[in-house]
Amino acid sequence: MFSSVWNFIKRHKNKFIFTGAVVGGVYFLGKYAQKKVRDIQEREATEYIAQARRQFHFESNQRTCNMTVLSMLPPLREAIVNQLNSESLTALLKSKPANKLEIWEDLKIISFTRTIVAVYSTCMLVVLLRVQLNIIGGYLYLDNSVGKNSTTPLAPPDVQQQYLSSIQHLLGDGLTGLMTVVKKAVQNSLGSVSLKQNMSVLELEQQLSWIRAEVEANSERSMSWYMLADDENALADQACGLTENDLVTIRLLNETRDMLDSPDFNTVLNASFNRGFSRLLDNLAEFFRPPPCDSALSSAPDSLSAVSMPLAKIIPIINGQINTICSETPSYFVQDLLMNDQVKEFAANVYETFSTPQELQK
C-alpha cells in the first residue's frame, strides 16, 4: 500500500510542488493585502480625525470672528458719532437760532454721511476681521498640530495682539479718510436738493447709488486702504531694532495686505456693500409704508415710489440708522453681513490656505 502511494506521489511530484507554491503564494499575498487594507484604513481614520479636528477648530474660529465683530461695533459707532456729531446740531435747532436753515443744511449732509460711513465701515470691519482672524486661526491650528516639526510658534500671543491692533487704523485714520470722501460725495449728490422736496424710497435708492459710485470710484485710494495702512514699514519706523515678533507681525500684515488686494477679496467686499445698502433701504422702507386704510395704494406694484415725504422729515430717519447698523446686539443688518455666503466661503479659503503646512503647498 505504502509503495503504491509513494509511486503515485513520484509520478505527480511536479503537480504537488506547483500547487503548494500557488497555495503558499496566495496565503502570503492574502496576508500582504490584509496589511495594506489595514494601513489604508488606519491612514483614512487618521486623516478623518485630523479633518474633523480642523473643521471643529475652523467653526470655533468663525464664532470667535462673530463675537469680535460685535464687540468692535460700539467703539466704531462712537468714533463715527464723535466726528460726525449731528446731536449738537439737533440741540441747536431746538433753541430756534436765526440761522436755522443753515443748520438744517449741515444736518442733512452730516446725517447722510454718517449713515453711509456706518454701512461702509461695518462691512469693512466684518470682512477685515474675517481675514485677520482666519489667518491667525490657520497658524494656531498648525502650532497645535500633532507632528509639527518646529517648536517655534507661528503666531505667539504677543504677535497676535500686535497684529490684531492694526484694526485701529479702520477706527482712526482709515475712518477719517472714508468720512472725507463720503461727505464730498453726499454734498455733490444732495447739496442742492431742497429740504422741502418730496422723496420716495426709490429716489433715496438712486441718491445712494450716485453717492456709492463716486466713493467707490475714488482714484486716490483703494477701498482696502481704509482697512489697513499701506505703509509696510510702520513698525520698523517705530522701533530702533526689530525683534523677532516684530518681523513676524510685519509678515502677517503683508500677507493680509496681499489678501485685501486680491480680486476675490474685492468681489466679497462689494457683495458685502451691496448687502449692507440693501438692508439699509429695507430699514428705510419701513417708514414709507402706505397707511393701512389705503389698501389700493399698498398693493400697487409701484408702491415704493407712490409714498414720499419731504427731505426734512427723512433726515431724522436717516440720522438714527447708525444705532441699528452699529449695534452690538445682533440685528438683521449685522446678521446679514455675518451670514453672507460669499464672506463665509472666502473665510474658509483663507483658513484653508494658512492652516495647510507649507511643504504641502509647494
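Because the structure is predicted, anything quoted here is derived from the model rather than measured.

> Would you explain the overall build of the chain in this entry?
Secondary structure assignment for the chain yields 18 helices and 2 strands. Sorting the 362 residues of the chain into buried and exposed places 42% on the buried side. Long-range contacts, defined as pairs at least 24 residues apart, comprise 84% of the intrachain contacts of the chain with a sequence gap of at least 6. Accessible surface for the chain amounts to roughly 20400 Å². Of this, 56% is attributable to carbon and sulfur atoms.

> For this particular structure, what's the right way to read the packing of helix α4 (residues 100-143) against helix α11 (residues 263-285)?
Packed helices, taken two at a time, are described by the angle between their axes plus the distance between the axes. Taken N-terminus to C-terminus, the directions of α4 and α11 make an angle of 140 degrees; their axes are 9 Å apart at the nearest point. Taken together, the axes of α4 and α11 are oblique relative to one another. Of the two possible hands of crossing, α4 and α11 adopt the one that is right-handed. For the pair α4 and α11, the contacting residues are Thr-115, Ile-116, Val-119, Tyr-120, Cys-123, Met-124, Val-127 and Val-131 in the first and Phe-265, Val-268, Leu-269, Ser-272, Phe-273, Gly-276, Phe-277 and Leu-280 in the second. Looking at side-chain class alone, the contact of α4 with α11 contains 13 nonpolar, 3 polar and no charged residues.

> Any chance you could explain the pattern of salt bridges here in plain terms?
Oppositely charged side chains can form a pair if their charged atoms are brought close together. Scanning the entire structure with this criterion turns up 7 salt bridges. Arg-251 serves as the salt-bridge partner of Glu-255, at 3.5 Å between the closest nitrogen and oxygen. One end of the pair, Glu-255, and the other, Arg-251, are both in helix α10 (residues 244-260), 4 residues apart, so they sit about a helical turn from each other. In this structure Arg-251 comes out as partly exposed when scored by relative accessible area, which is 31%. The partner of Arg-289 in a salt bridge is Glu-286, and the shortest N-O contact between them spans 2.9 Å. Taking the relative accessible area as the measure of exposure, Arg-289 reaches 55% and is therefore exposed. For Glu-286, a relative accessible area of 48% translates into the label partly exposed.

> Please explain the nonpolar core as it appears in this structure.
Among soluble globular proteins, nonpolar side chains are generally buried collectively. Membership of the largest hydrophobic core comes to 95 residues, with the highest contact counts inside it found for Ile-80, Tyr-120, Met-124 and Leu-125. No other element matches the 23 residues that α4 contributes to this core. Excluding residues within four positions of it along the chain, Tyr-120 makes contact with Leu-178, Val-182, Arg-212, Val-215, Glu-216, Met-223, Phe-273 and Phe-277.

> Can you help me understand the side chain of Lys-108 in this one?
When you line up the elements, Lys-108 lands in helix α4. A residue is classified by how much of its surface remains accessible, and Lys-108, at 0% relative accessible area, is buried. Within the local environment of Lys-108, its side chain forms a polar contact with the side chain of Glu-105, the two groups lying 2.8 Å apart. Among residues more than four places away in sequence, those in contact with Lys-108 are Leu-190, Gly-191, Val-193, Leu-195, Leu-311 and Ile-315.

> Quick question: what am I supposed to make of the confidence of the model for the chain here?
Segments scoring low in pLDDT should not have their predicted coordinates read at a detailed level. Across the chain, the average pLDDT comes to 82, with 74% of residues at 70 or higher. Per-residue pLDDT, averaged within each element of the chain, yields its smallest value for helix α9 (residues 234-238) (48) and its largest for helix α7 (residues 173-190) (96).

> How should I be thinking about the packing of α4 against α10 in this particular structure?
Relative to each other, α4 and α10 sit at 130 degrees, their axes nearing to 11 Å. Classified by the interaxial angle, the pair formed by α4 and α10 is oblique. The hand of the α4/α10 crossing is right-handed. The segment α4 lies against α10, with Leu-128, Val-131, Gln-132, Ile-135, Ile-136 and Tyr-139 engaging Arg-251, Leu-252, Glu-255, Thr-256, Met-259 and Leu-260. Of the residues assigned to the contact of α4 with α10, the class counts are 8 nonpolar, 2 polar and 2 charged.

Each value, and the rule that gives it
Residues numbered from 1 in each chain as written. Predicted model: local features only at pLDDT ≥ 70, side-chain atom pairs only at ≥ 80, totals over all residues. Heavy atoms only, no water. Helix = DSSP H or I, 4+ residues; strand = E, 2+ residues; numbered from the N terminus. Buried < 20%, exposed > 50% of the residue type's maximum accessible area, 1.4 Å probe, protein only. Contact = heavy atoms within 4.5 Å. Areas by Shrake-Rupley, 256 points an atom, 1.4 Å probe, with all protein chains shown as cover. Axes fitted to C-alpha atoms, helices over the stretch in contact; angles between N-to-C directions. Parallel < 35°, antiparallel > 145°, perpendicular 65-115°, else oblique. Left-handed = near helix turned anticlockwise from the far one by under 90°. Nonpolar A, V, L, I, M, F, W, Y, C, P; charged D, E, K, R; others polar. Salt bridge = Lys/Arg side-chain N within 4 Å of Asp/Glu carboxyl O. Core = buried A, V, L, I, M, F, W, Y, C linked by side-chain atoms within 4.5 Å. Polar contact = N/O pair within 3.5 Å; in protein donor to acceptor, adjacent residues only side chain to side chain. pLDDT = per-residue confidence, 0-100.

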